[in-house]
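One letter stands for each residue in the lines below.
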Amino acid sequence: MNKAKRQAVIAGNWKMNKTRPEAKALIEQIKPLVKDADCGVVVCVPYTNLETALEATKGSNIKVGAENCHWAKSGAFTGEISADMLAEMGVEYVVIGHSERRQYFGETDKTVNQRVRAALDAGLKVILCVGELLEQREQGITEEVCGMQTKVALCGVSKEELSHIIIAYEPVWAIGTGKTATAEQADEVNGFIRSVVAGLYGEDAAQALTIQYGGSMNAKNAEELLSKEHVDGGLIGGASLKAEDFSIIVKAASK
Ligand code: PGA
């Protein structure tokens, strides 16, 4: 299998943006622009917008995701949301291990693994984020960091379950900074992550895995990034908040 046979997925990561009326308006704008997409289209939205997003995307080709979930099924975890709660709503995807969770909320490789487990058990599809810090790239340990994050996150995940996972390579220095990785850098690390997955699950499973790039992907640079062999879509922050820009990226992935 090669790139042409893998499903490209463009996922918006709205982060902590948009009230419900704003969310509805943005989805209504996006819908007609992406209706003919030849790739997966997902919007990952704040918890408070999930119901609005599910309602607004009904009957469309846009899937809805959350931006995190807790690892426990229920219990005394004030302020948290479980994977089962998301699944019951009809949410299909969940982002796990985003670097902002790792940076600001104490997320570790171990808790990422626990959340991945909970999400899979609830029947959710996971967008698993990995990526190195700037100083780690400068130290030449990008592969060690991304390899370790990938391996720990996938601990206990079966080959069958891997088909419910998308990996998003997001170099932390490229997120929200306007500093995109070059297409070559993205392709190189995505390819490396694929080789790590091949070591764990075999070449066929690795070839079938969707590996996105994320970090300042936008309407201008998407086409070049997405043309690379190992870049199967994108996780889009800033540019996913503008319907026109998001749809241009979706079109680039549909080629
Ligand atoms: P950005 O964010 O596109 O704004 O850089 C990407 C992400 O954090 O997923």
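The following refers to the structure shown. (Residues numbered from 1 in each chain as written. Predicted model: local features only at pLDDT ≥ 70, side-chain atom pairs only at ≥ 80, totals over all residues. Heavy atoms only, no water.)

1. Remarks on the overall build of the chain
Part 1: Of regular secondary structure, the chain possesses twelve helices and eight strands.
Part 2: In summary, the chain has a C-alpha radius of gyration of 17 Å against a globular reference of 18 Å for 255 residues, a match within 12%.
Part 3: Along the three orthogonal principal directions, the C-alpha set of the chain runs to about 45 × 45 × 35 Å.
Part 4: Counting all 255 residues of the chain, 54% fall into the buried class.
Part 5: In the chain, the proportion of contacts linking residues at least 24 apart, taken out of those at least 6 apart, comes to 73%.
Part 6: In the form shown here, the chain has an accessible surface area of approximately 11,400 Å², with 52% of it arising from carbon and sulfur atoms. (Helix = DSSP H or I, 4+ residues; strand = E, 2+ residues; numbered from the N terminus. Rg over C-alpha atoms; globule rule 2.2 N^0.38 Å. Buried < 20%, exposed > 50% of the residue type's maximum accessible area, 1.4 Å probe, protein only. Contact = heavy atoms within 4.5 Å. Areas by Shrake-Rupley, 256 points an atom, 1.4 Å probe, with all protein chains shown as cover.)

2. Considering the sheet that holds strand β4 (residues 93–96)
Each strand in a sheet pairs with its neighbour through backbone hydrogen bonds, running either in the same direction (parallel) or in the opposite one (antiparallel).
Part 1: Overall, parallel pairing links the eight strands, which are arranged β1-β2-β3-β4-β5-β6-β7-β8 in a closed barrel. Strand after strand, the sheet turns through a mean of 25° between neighbouring axes, direction not considered.
Part 2: One ladder, built from four bridges, connects strand β2 (residues 40–44) with strand β3 (residues 62–66); its direction is parallel. Each residue of the ladder has a partner; that of V43, found in β3, is V64. (Pairing = 2+ DSSP bridges. Axes fitted to C-alpha atoms, helices over the stretch in contact; angles between N-to-C directions.)

3. Description of the packing of helix α7 (residues 142–153) against helix α9 (residues 183–201)
In helix packing, the relevant descriptors are the interaxial angle and the interaxial distance, both defined with respect to the helix axes.
Part 1: Close contact between α7 and α9 brings their axes to 10 Å; oriented N to C, the two are set at 45°. One element, α7, and the other, α9, form an angle in the oblique class. In this structure, the crossing between α7 and α9 has a hand that is right-handed. Here T142, E143, C146, G147, T150 and K151 of α7 come into contact with α9, specifically with V189, F192, I193, V196, V197 and L200.
Part 2: Looking at the contact of α7 with α9 residue by residue, the classes come out as seven nonpolar, three polar and two charged. (Parallel < 35°, antiparallel > 145°, perpendicular 65-115°, else oblique. Left-handed = near helix turned anticlockwise from the far one by under 90°. Nonpolar A, V, L, I, M, F, W, Y, C, P; charged D, E, K, R; others polar.)

4. Remarks on the pairing of strand β6 (residues 165–169)
Part 1: Among the five residues of β6, five are classified as buried, and the element is accordingly described as predominantly covered.
Part 2: Neither face of β6 is open: one carries I165, I167 and Y169, the other I166 and A168, and all of them are buried.
Part 3: Two elements, strand β5 (residues 125–130) and β6, share five bridges in a ladder whose sense is parallel. By the bridge assignment for β6, V130 is matched with Y169.

5. Here we look at the side chain of S240
Part 1: Relative to the elements of secondary structure, S240 occurs in the loop between β8 (233–236) and α12 (243–253).
Part 2: Look at S240 and you get buried, because its relative accessible area is 1%.
Part 3: Within the local environment of S240, its side chain forms a polar contact with the backbone oxygen of I236, the two atoms lying 3.1 Å apart.
Part 4: In this structure S240 touches G12, N13, W14, L26, I30 and F246, once residues within four positions along its chain are discounted. (Polar contact = N/O pair within 3.5 Å; in protein donor to acceptor, adjacent residues only side chain to side chain.)

6. Things to note about the pairing of β4
Part 1: Burial along β4 is two-sided: the face carrying Y93 and V95 and the face carrying V94 and I96 are both buried.
Part 2: With two bridges joining them, β3 and β4 adopt parallel strand pairing. Across the sheet, the residue bridging to A66 is V94, located in β4.
Part 3: In the classification by handedness, the crossover that spans β3, the intervening helix α3 (residues 83–89) and the parallel β4 is right-handed. (Right-handed = clockwise from strand over helix to strand, strands pointing away.)

7. Quick look at the site of the ligand
Part 1: Taken together, 13 residues lie around the ligand, and K15, H98, E170, G176 and S216 are the ones closest in.
Part 2: Between the ligand and the protein, one listed contact pairs an oxygen atom with a side-chain N or O atom of K15 at 2.7 Å.
Part 3: Between the ligand and E170, the relevant distance is 2.7 Å, taken from an oxygen atom to a side-chain nitrogen or oxygen of the residue.
Part 4: In isolation the ligand offers 280 Å² of accessible surface; the protein chains occlude 95% of this area.
Part 5: By residue class, the composition of the shell around the ligand is four nonpolar, seven polar and two charged. (Near = heavy atom within 4 Å.)

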